[in-house]
Each structure stands twice: as structure tokens, then as C-alpha cells.
Amino acid sequence: MLYAILGRDAPESLTRRLAVRPAHLERLNALLAEGRLILAGPLPAIDSPDPGPAGFQGSLVVAEFTSLEEARAWAEADPYVAAGVYAGVDVYPFRKVLPA
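In what follows, the accompanying structure is described. Please read these numbers as outputs of a predicted model, since none were measured by experiment.

With respect to the pattern of salt bridges
Tallied over the entire structure, the rule returns five salt bridges. One salt bridge connects arginine 27 with aspartate 78, and the closest N-O pair in it is separated by 3.4 Å. Here aspartate 78 lies in the loop between α2 (68-76) and α3 (79-82) and arginine 27 lies in helix α1 (residues 14-33), a separation of 51 residues in the sequence. The class of aspartate 78 is buried, set by a relative accessible area of 3%. What emerges from the salt-bridge pattern is a single network uniting Glu34, Arg36 and Glu70.

The structure is reproduced here in C-alpha cells:
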């Protein structure tokens, strides 16, 4: 089943985010290689694809996992969690409708 993972950035976390981004992307690329990643990306803090020093307000990942518990465990093991980039992470079952 698909799950939407929404990480909410902590205030003033841009420096930490940039420092651990390679490890974060490595985990996402592993999901991609397994054919389980639907989409992933940051949520800019301002209305711009490159928010500069304004940074990000979080991230969204939609990927396939065998259970809600597995999706939560994967999300909680993210380097952004360990580095304090995320103030919190929510995981929701997700049903993709479009595109078919």
C-alpha cells in the first residue's frame, strides 16, 4: 500500500537540512531503485522553487510499504529526524487516484 509521509521542519533547521541531505537522498534513492517511490520533495517556506535562506517548511514522500508500521519506522529512521531537521513526522495511508 502507499503511504504519504509528511515531515515538518523545525525552526531554523536549514543548515542541518543541507548537512544531512546526502544521507536523506540516499534512502530515497534506495526506495526508487526498489520501485517503491512515487514522489518525494521539499516544501519551500515561500512561494518559490528556490526559497534561498527562507528554507523549507517540510518534506513530502509518497512510497509503498507493507504496512503503516513499516512506513512509520522508515520515516522515523530518516537522517532528518536524527539531525533535528524535522520537528515531527506524520504518516498517512494514501490512495493514488490520478494519474491512473
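A closer look at the side chain of arginine 27
Classification of arginine 27 by relative accessible area gives buried; the value is 17%. Among the polar contacts made by the side chain of arginine 27, one reaches the side chain of aspartate 78 at a distance of 3.4 Å. If near-sequence neighbours (up to four positions away) are discounted, arginine 27 is found in contact with Trp74, Ala77, Asp78 and Pro79.

About the cut-offs
- Numbering of residues starts from 1 in each chain and follows the order in which that chain's sequence is written.
- Given that the model is predicted, a residue must reach a pLDDT of at least 70 before its local features are reported, and side-chain atom pairs must reach 80 or more before they are shown or counted; all residues, however, enter totals for whole chains, interfaces and linings.
- Computation of side-chain values covers all heavy atoms of the structure but excludes hydrogens and water.
- The salt bridge definition used is simple: a Lys or Arg side-chain nitrogen within 4 Å of an Asp or Glu carboxyl oxygen.
- The numbering of helices and of strands both runs from the N terminus, where a helix is a DSSP run of H or I of at least 4 residues and a strand a run of E of at least 2.
- In this scheme, a residue with accessible area under 20% of its type's maximum is buried, one over 50% is exposed, and one in between is partly exposed, where area comes from a 1.4 Å probe on protein chains only.
- We call two N or O atoms a polar contact when they sit within 3.5 Å, provided that within protein one can donate a hydrogen and the other can accept it, with sequence-adjacent residues counted only if both atoms are side-chain atoms.
- The contact criterion used throughout is that any non-hydrogen atoms of two residues lie within 4.5 Å.

Remember, this is a structural readout, not a statement about activity or role.
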